[in-house]
Amino acid sequence: MYNLPPPTQEQLDIYSAIEGCSGSSLAVDAKAGTGKTTTIIGCEAAFPRSSRLLAFNKDAADNLSNKLAAINSPFKASTFHSLGFGILRERVRGIKSDLYRVRVLKDKLRLEGAWKSYADLIDAYMTAGCGLPDFVAKAPTLFDLVGLQDIQVPEELSIKEFVANADKILKAMLEDNSSCTFSEMLYKPLYLAQQYKWNLREYSHLIVDEAQDVSPLRMALMKAMAPNAIAVGDPDQAIYGFAGSTAFAFSALVKDYNMAVYPLSVSWRCSQAVIAEACSIIGPNIFAAPGAAIGAVNTIEFNDFHPEELPTGDAVICRTNAPLFKLAIRLLKTRTPFVYKGDAVERILYLMRKFQKEASGVFGFMDQLDMWREQQEKQFQGRRGILARIADQYECIADLVASEQSVQDAIALVERILKSTYGLTLTTIHRAKGQEYDNVWLIRPDQIPAPWVDEDNEVDMAEERNCHYVAVTRAKNVFTYVDGKF
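Residues numbered from 1 in each chain as written. Predicted model: local features only at pLDDT ≥ 70, side-chain atom pairs only at ≥ 80, totals over all residues. Heavy atoms only, no water.

A. View of the layout of surface pockets. For the second largest pocket, the calculated volume is near 210 Å³. Around the second largest pocket, the lining is made up of 14 residues, and of these Ala322, Asp392, Glu395, Arg444 and Gln447 lie nearest the centre. Considering each element in turn, the lining of the second largest pocket owes the most residues, 4 residues, to helix H16 (residues 384–403). For the lining of the second largest pocket, the class distribution of residues is 7 nonpolar, 2 polar and 5 charged. (1 Å grid on protein atoms, 1.4 Å probe; cavity = no way out; pocket = protein on both sides within 12 Å on 5 of 7 lines; lining within 4 Å. Points joined across faces, edges and corners; volume = space filled by probe spheres on them. Helix = DSSP H or I, 4+ residues; strand = E, 2+ residues; numbered from the N terminus. Nonpolar A, V, L, I, M, F, W, Y, C, P; charged D, E, K, R; others polar.)

Spelled out as structure tokens, the structure:
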């Protein structure tokens, strides 16, 4: 059984509001650690019976479904992709999921370049809703998406050639309904509904967990499926702009559905000091629970930072990957166990193996690395996000190779990072979202906002502020800023 704690007044207010929302929509602004999942489970009996519960990813959906099953609820949670694929299976005979569909079509069309690059670009296209009526005027072009989403362009192709090839694959995908990729599960129901005048309305309400991360495409699918919604999330934790959402997705839902907003503001996770720091970032919208530990927020210099001595329950967090990568190498050399959560190591390892095949010795390897950087910088001139990523990768590889006896020794160290499975957690802020740790250490706090962010861009700066808030609220007890480079 799932044992629910006694409800707070805020939770009782939310329950009453849901019970009375048969023909309307509402939102729950659930701050970090405030018992969002417990609240959803506790309100289950008030959900309209003709509603469906949606979670952001499969793990979250499974977690909610298991807890609902423990209280004998008829509701199950599913993902948006499961919802979309269900629509396709009902209306398109024999359609199957095929994660390698882009590779098959690319080979069939005899196009040059790595299929994964094409898949990434087409995924970005569909996630942005390009080609659908509601998005035509504001959606970026395929060419723009290459830069906006940091797509890896195959080295043997110009951007123009790459985009032209991607367009051919995309047209083939839209004409062929025998299978679908992950991104098509969201895109194709709306695309085919447009083509064949389908009526997709099936529910009175969609109950959406992590509503701050709803992309415009997901919102369009919501509007097509149900006239009302119950949105649960924290607008100050919206940090997935790269995945198609925006920092203002929650407020867009509230406005679109004319929702009344109910607060869930008492954090049962964080100490008093951590909550005070969170309030300094987002305003007085989150409160420490009665009896919460005092905790602390500190600032230290990097020379006084000793990660080798930190316990397993702590986490070292960073906005960007390069500082975490360097720290991982340091911990390997001191035989300190750790878990690395970031998205750069696989790419670095790929590049290092590639350069090693094309060169002889350290000097030849470095020549290949320098040529790669020059080619990338020329190709993506003026695109700050991509150039920052290139600089990050170059710095990681160059520093590592310079510190080792051979290129193979350097590659072996990177391979060991991927094999590290326990110990202190090293994580980017994006990978830390949804997690909690006893104590959190933020290295390179000067990289919030990230180096590539335009400080005049309101949306990007709001997301960077949210990243700061997410980092702080991962800490249950003590949060520490670690100033300085290493």
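We are not done yet, so read on.
B. Broad picture of helix H17 (residues 407–419). Compared with an ideal rise of 1.5 Å per residue, which puts 13 residues at 18 Å, H17 spans 19 Å between its outermost C-alpha atoms and is within 8% of the ideal. Within the sequence span of H17, burial applies to Val407, Ala410, Ile411, Leu413, Val414 and Ile417. Down the axis of H17, the buried set is contained in an arc of 155°. They therefore lie on one face. Buried positions along H17 lie against helix H13 (321–333), strand E13 (338–341), helix H14 (345–358), helix H15 (361–379) and H16. (Expected span 1.5 Å × (residues − 1). Buried < 20%, exposed > 50% of the residue type's maximum accessible area, 1.4 Å probe, protein only. Arc of directions from axis to C-beta. Contact = heavy atoms within 4.5 Å.)

C. Structural context of unusual backbone geometry. In this structure, the amide linkage connecting isoleucine 448 to the following residue, proline 449, adopts the cis form with an omega of 0°. Looking at the element boundaries, proline 449 is found in the loop between strand E15 (437–443) and helix H19 (458–472). Its identity as a non-glycine residue notwithstanding, asparagine 72 has a phi of 60°, on the positive side. Structurally, asparagine 72 can be placed in the loop between helix H3 (58–70) and strand E3 (77–79). For asparagine 72, a relative accessible area of 66% translates into the label exposed. Of note in the backbone geometry, arginine 110 takes a positive phi value of approximately 55° without being a glycine. Secondary-structure assignment places arginine 110 in the loop between helix H5 (101–108) and helix H6 (115–127).

D. Highlighting the side chain of glutamine 212. As for its position among the elements, glutamine 212 is in the loop between strand E6 (205–209) and helix H10 (216–225). Residue classification places glutamine 212 among the buried positions, given a relative accessible area of 0%. Within the structure, the side chain of glutamine 212 is placed 2.6 Å from the side chain of glutamate 210, a separation counted as a polar contact. There is a polar contact of 2.9 Å between the side chain of glutamine 212 and the backbone nitrogen of aspartate 234. Those residues in contact with glutamine 212 that sit more than four places away from it in its chain are Gly233, Asp234, Pro235, Gln237, Ala238, Ser245, Thr246, Ala249, Phe250 and Lys433. (Polar contact = N/O pair within 3.5 Å; in protein donor to acceptor, adjacent residues only side chain to side chain.)

E. Local environment of the nonpolar core. Val316, Phe325, Met352 and Leu426 are the most contacted members of the largest nonpolar core, which has 111 residues in total. The leading source of residues in this core is helix H8 (residues 159–175), at 9 residues. Among all residues touching valine 316, those that are not within four sequence positions of it are Phe305, Leu310, Leu324, Leu327, Leu424, Thr425, Leu426, Thr427, Trp441 and Ile443. (Core = buried A, V, L, I, M, F, W, Y, C linked by side-chain atoms within 4.5 Å.)

F. A look at empty space enclosed by the protein. Summed over the entire model, instances satisfying the criterion amount to 2 cavities of 30 Å³ or more. Each pocket or cavity is described by its volume, and for the largest cavity that value is around 60 Å³. Lining the largest cavity we find 13 residues, and of these Ile14, Val28, Thr39, Ile40 and Val232 sit closest to its centre. Looking at the lining of the largest cavity, the elements that each hand over two or more residues are helix H1 (9–19), strand E1 (26–30), helix H2 (36–42) and strand E7 (228–233). The dominant element in the lining of the largest cavity, judged by the number of residues it contributes, is H2, at 3 residues. Looking at side-chain class alone, the lining of the largest cavity contains 11 nonpolar, 1 polar and 1 charged residues. As a volume, the second largest cavity reaches approximately 40 Å³. Lining the second largest cavity we find Thr8, Glu10, Gln11, Thr34, Leu264, Ser265, Val266 and Trp268.

G. Fine view of the packing of aromatic side chains. In this structure the tally under the stated criterion is 12 aromatic pairs. Arranged with centres 5.6 Å apart and planes meeting at 85°, the rings of phenylalanine 47 and phenylalanine 75 form a pair that is edge-to-face. Within this pair, whereas phenylalanine 47 is found in the loop between H2 and strand E2 (51–55), its partner phenylalanine 75 is found in the loop between H3 and E3, the two being separated by 28 residues in sequence. For phenylalanine 47, a relative accessible area of 3% translates into the label buried. Among the residues examined, phenylalanine 75 registers a relative accessible area of 8% and is labelled buried. (Phe/Tyr/Trp six-rings, centres within 6.5 Å; stacked < 30°, edge-to-face > 60°.)

H. A look at the sheet that holds strand E14 (residues 424–428). Taken in spatial order, the 6 strands of this open sheet run E11-E16-E15-E12-E14-E13, and their pairing is parallel. The outermost strands of the open sheet, each flanked by one partner alone, are strand E11 (296–301) and E13. Adjacent strand axes in the sheet meet at a mean angle of 20° when their direction is disregarded. Inspection of the sheet shows E15 paired to strand E16 (residues 475–483) by 6 bridges, in the parallel sense. Residue pairing in the sheet places isoleucine 443 in a bridge with valine 482 of E16. (Pairing = 2+ DSSP bridges. Axes fitted to C-alpha atoms, helices over the stretch in contact; angles between N-to-C directions.)

I. Fine view of a nonpolar patch on the surface. Together, Leu99, Tyr100, Val104 and Phe182 make up an exposed nonpolar region whose accessible area comes to about 420 Å². As for its placement among the helices and strands, leucine 99 is situated in the loop between strand E4 (96–97) and H5. (Patch = residues over 30% accessible without salt bridge, like charges linked within 9 Å, V, L, I, M, F, W, Y side chains within 5 Å. Areas by Shrake-Rupley, 256 points an atom, 1.4 Å probe, with all protein chains shown as cover. Salt bridge = Lys/Arg side-chain N within 4 Å of Asp/Glu carboxyl O.)

J. Focus on the environment of alanine 293. Locating alanine 293 in the fold gives a position in the loop between strand E10 (287–288) and E11. Measuring from C-alpha to C-alpha, the distance between alanine 293 and alanine 166 comes to 54 Å, with 127 residues separating the pair along the chain. Residues in contact with alanine 293, not counting those within four places in the same chain, are Ser271, Gln272 and Asn477.

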